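# Survey of secondary and tertiary structure
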Amino acid sequence: MSDSPSTPPAGPADEQAVRRLVPVWLEEAARHDAEAAERARQEWEQGRLSPDAARELADWVTARVTDTGFNEDEGPSRRGPAHVSVADKTAVHRWLAARGHDV
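Small disclaimer: the values here were computed from a predicted structure and weren't measured. (Residues numbered from 1 in each chain as written. Predicted model: local features only at pLDDT ≥ 70, side-chain atom pairs only at ≥ 80, totals over all residues. Heavy atoms only, no water.)

### So, the overall build of the chain
Rules: Only DSSP runs of H or I reaching four residues or more are called helices, and only runs of E reaching two or more are called strands; each is numbered from the N terminus. Note on classification: 1.4 Å probe, protein chains only; a residue is buried when its accessible area is under 20% of the maximum for its type, exposed when over 50%, partly exposed between these limits. In this analysis, two residues are considered to be in contact whenever any of their non-hydrogen atoms come within 4.5 Å of each other. Accessible areas in this description were obtained via Shrake-Rupley with a 1.4 Å probe; residue shielding takes into account the shown protein chains only.
Regarding its fold elements, the chain presents four helices and zero strands. Secondary structure elements of the chain, listed N to C terminal, follow the sequence α-α-α-α. Expressed as a percentage of the 103 residues in the chain, the buried residues total 37%. Expressed as a percentage of contacts within the chain between residues at least 6 apart in sequence, the contacts between residues at least 24 apart total 70%. Split by element, the accessible area of the chain, about 6400 Å² in all, is 48% carbon and sulfur.

This is the structure:
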């Protein structure tokens, strides 16, 4: 995803979504690849993400969208910081794109 004239620039709401979701992503990533997650955590704490980490975050947030139109009997429902809406996914992608990442 790249910024285009029809895509507004990342704003404070995007930053808020990213700050809420990155720790959840890093926690989950650590269960799968602790070394890569630690590198990404260090990058995040330094205010940057590598292209690989940015792609991983973009893929993770896309895969974790929980507002899918399912009812409670049909699909996932997750509350709290791990709840990822379509708007959250868009915000994270827009935030990454605003920082020059190709997602």
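After presenting the structure, the write-up continues.
### With respect to the layout of surface pockets
One way to see where empty space is left: roll a probe the size of a water molecule over the atoms. Quick reminder of the rule: Residues are said to line a cavity or pocket when one of their atoms sits within 4 Å of a point; the points come from a 1 Å grid over protein atoms alone, cavities being sets where a 1.4 Å probe fits but cannot get out and pockets being open sets with protein on both sides within 12 Å along at least five of seven lines. Grid points are joined across faces, edges and corners, and a volume is the space filled by probe spheres set on the points.
Here the largest pocket is characterised by a volume of approximately 330 Å³. If you trace the largest pocket, you find 17 residues lining it, with Trp25, Ala29, Ala36, Ala37 and Glu56 closest to the centre. Put simply, the parts of the chain that give the lining of the largest pocket at least two residues each are helix H1 (12–32), helix H2 (34–45) and helix H3 (51–63).

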